[in-house]
Amino acid sequence: MPDPGAVTPPTSGPPVEIAAFDFDGTLTRRDTLLPYLLRSLGWPRFLLALLRSSPWLAAYASRLTSNHRAKARLLQVSLGGRSAAQVERWSADFVAQYLPEQWQEETLARLRWHQQQGHRCVIVSASPGIYLHGVGEALRLDAVLCTELELREGTLTGRMTTRNCHGEEKVLRLQAWLAGRGLSAAAVVLHAYGDSRGDVQLLNLADYAHYQGQPWVRQSPRD
């Protein structure tokens, strides 16, 4: 996805408005990772991947391990060893054929409104870049900040090259993106949209925030 490049804001004038959207459950009606893996792998290989990662998934459900570790295991057993060309075909099909039926129309309309106002729009999501960058191109976004996977010699290892973009990591990734464009907190008005506890820190950071379509009241991530 093309990088719009670093921009230093003027010393006076209106602030830069940024709209940051979670993806799963916010721009879409549901989680997308498991449907992506099922659609791509087919039932037998998908069920085998779930079986091989089930101890980590069960530990996460019982709060005995982190979201990062459970997801890392699922991605490794599902996508490790797949060629980049094959995954690109899966992702193109997923973005073109599956996602159009999954959009949250109200949130998508809000994204379009921000774009019409000239605001910079970004996705900040724990979902993997293997298909989210295609979403960013389709929706003409300014950036996609997400969980990135390792590629070696044309093959996915299944390992992450970034932290899982969830919770506080969303804030860190967005702040790094803003800093890379010469945008300080004082020069930005931030709008944020989310739907789960993994979005709380991002919503708390925003000047204007919406949670599941409703105005957000700042709170602790543990609330």
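Residues numbered from 1 in each chain as written. Predicted model: local features only at pLDDT ≥ 70, side-chain atom pairs only at ≥ 80, totals over all residues. Heavy atoms only, no water.

(A) Here's a closer look at the overall build of the protein. For the protein, the count of helices and strands is eight helices and eight strands. Compactness check: the protein gives a C-alpha radius of gyration of 18 Å against a globular reference of 17 Å for 223 residues, within 12% of the reference. Overall size of the protein, expressed as C-alpha extent along the three principal axes, is 55 × 40 × 30 Å. When each of the 223 residues of the protein is scored for burial, the buried share is 48%. Expressed as a percentage of contacts within the protein between residues at least 6 apart in sequence, the contacts between residues at least 24 apart total 64%. Of the charged side chains in the protein, 24 are positive and 21 negative, and the gap between their average positions amounts to 7 Å. (Helix = DSSP H or I, 4+ residues; strand = E, 2+ residues; numbered from the N terminus. Rg over C-alpha atoms; globule rule 2.2 N^0.38 Å. Buried < 20%, exposed > 50% of the residue type's maximum accessible area, 1.4 Å probe, protein only. Contact = heavy atoms within 4.5 Å. Lys, Arg positive; Asp, Glu negative; His and termini not counted. Charge placed at Lys NZ, Arg CZ, Asp CG, Glu CD.)

(B) Broad picture of the pairing of strand E1 (residues 16–21). Counted residue by residue, E1 has five buried out of six residues, so it is predominantly covered. Here E1 runs beside strand E6 (residues 188–194); their pairing, made up of six bridges, is parallel. Note on E6: the bridge partner recorded for Ala19 is His191. Where E1 meets strand E2 (residues 120–128), four bridges bridge the pair, whose relative direction is parallel. Following the sheet pairing, Ala19 is matched in E2 by Cys121. (Pairing = 2+ DSSP bridges.)

(C) Expanded view of the confidence of the model for the protein. Confidence in the prediction of the protein, expressed as mean pLDDT, is 92, and 92% of residues score 70 or more. Low confidence marks residues 1–11, where pLDDT is under 50. Its contacts with residues over four positions away, or in another chain, come to 22 contacts. (pLDDT = per-residue confidence, 0-100.)

(D) Spotlight on the nonpolar core. Counting 35 residues, the largest nonpolar core has Phe23 and Val135 as the members making the most contacts within it. Ranked by residues supplied to this core, first place goes to helix H4 (residues 84–98) with six residues. Counting 21 residues, the second-largest nonpolar core is a separate cluster that includes Val16, Val122, Leu190 and Val200. (Core = buried A, V, L, I, M, F, W, Y, C linked by side-chain atoms within 4.5 Å.)

(E) Main features of the environment of Ser53. Residue position: Ser53 is located in helix H2 (residues 43–61). Look at Ser53 and you get buried, because its relative accessible area is 0%. The spatial distance from the C-alpha of Ser53 to the C-alpha of Ala72 is 9.4 Å, given a sequence separation of 19 residues. Ignoring anything within four residues of it in the chain, the contact list for Ser53 reads Arg73, Leu74 and Val77. A polar contact is formed between the side chain of Ser53 and the backbone oxygen of Ala49, at a distance of 2.8 Å. (Polar contact = N/O pair within 3.5 Å; in protein donor to acceptor, adjacent residues only side chain to side chain.)

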